[in-house]
Amino acid sequence: MASRNFTREFKYSAVKLVKEQGFPIIEAARSLGVDPNSVRDWVAKYSDELHMSPRQQMAIAAETNRLRNEIAGLMVRQDILTKTLAFLRKTQP
């Protein structure tokens with residue numbers, strides 16, 4: 001089955017159906033045309049975010065981006081070190 005990408009707003013609406021309107025996960029999933037496991041995951045992931053202010057959400061997004069960039073830099077450094085080590089092993093007698 002092909003994977004579909006849903007917007008954050010769509011996921012929030014699914015979470016609101018379950019959390020605020022009291023729909024069972026299976027019924028909410030059926031009405032939205034998505035897999036119940038997806039709705040269950042969204043409820044677990046986004047329930048806390050619904051009650052955050054936009055400023056808090058932006059702070060979390062900024063921190064997430066910063067950490068992703070830091071991870072990318074660390075991966076580049078690791079790759080350089082791995083290649084350097086392999087080169088040094090080849091050149092040593």
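**Some remarks on the nonpolar core**
Counting 12 residues, the largest nonpolar core is built from Tyr12, Ala14, Val15, Leu17, Val18, Ala28, Ala29, Val34, Val39, Trp42, Val43 and Tyr46. A total of 5 residues in this core trace back to one element, the largest contributor, which is helix H1 (residues 8-19). When near neighbours in sequence (up to four residues on either side) are disregarded, valine 39 contacts Val18, Ile25, Ala29 and Val34.

**As for the layout of surface pockets**
Its volume calculated, the largest pocket comes out at about 270 Å³. Along its surface, the largest pocket is lined by Arg8, Tyr12, Lys45, Tyr46, Glu49, Met52, Gln57, Ile60, Ala61, Thr64 and Arg68. Every element with two or more residues in the lining of the largest pocket is listed here: H1, helix H3 (36-46) and helix H4 (54-91). The element that contributes the greatest number of residues to the lining of the largest pocket is H4, accounting for 5 residues.

**Overview of the packing of aromatic side chains**
Applying the stated criterion across every chain yields a total of 4 aromatic pairs. Here phenylalanine 6 and phenylalanine 10 contribute two aromatic rings whose centre-to-centre distance is 4.9 Å and whose plane-to-plane angle is 15°, an arrangement assigned as stacked. Between phenylalanine 10 and tryptophan 42 the ring centres are 6.0 Å apart and the planes differ by 85°, which places this aromatic pair in the edge-to-face class. In this pair, phenylalanine 10 sits in helix H1 while tryptophan 42 sits in helix H3, placing the two residues 32 residues apart along the sequence. Accessibility expressed as a relative area gives 23% for phenylalanine 10, which makes it partly exposed. Accessibility expressed as a relative area gives 8% for tryptophan 42, which makes it buried. An aromatic cluster is present here, built from Phe6, Phe10 and Trp42 joined pairwise through their rings.

Definitions and limits used
- Residues numbered from 1 in each chain as written.
- Predicted model: local features only at pLDDT ≥ 70, side-chain atom pairs only at ≥ 80, totals over all residues.
- Heavy atoms only, no water.
- Core = buried A, V, L, I, M, F, W, Y, C linked by side-chain atoms within 4.5 Å.
- Buried < 20%, exposed > 50% of the residue type's maximum accessible area, 1.4 Å probe, protein only.
- Helix = DSSP H or I, 4+ residues; strand = E, 2+ residues; numbered from the N terminus.
- Contact = heavy atoms within 4.5 Å.
- 1 Å grid on protein atoms, 1.4 Å probe; cavity = no way out; pocket = protein on both sides within 12 Å on 5 of 7 lines; lining within 4 Å.
- Points joined across faces, edges and corners; volume = space filled by probe spheres on them.
- Phe/Tyr/Trp six-rings, centres within 6.5 Å; stacked < 30°, edge-to-face > 60°.

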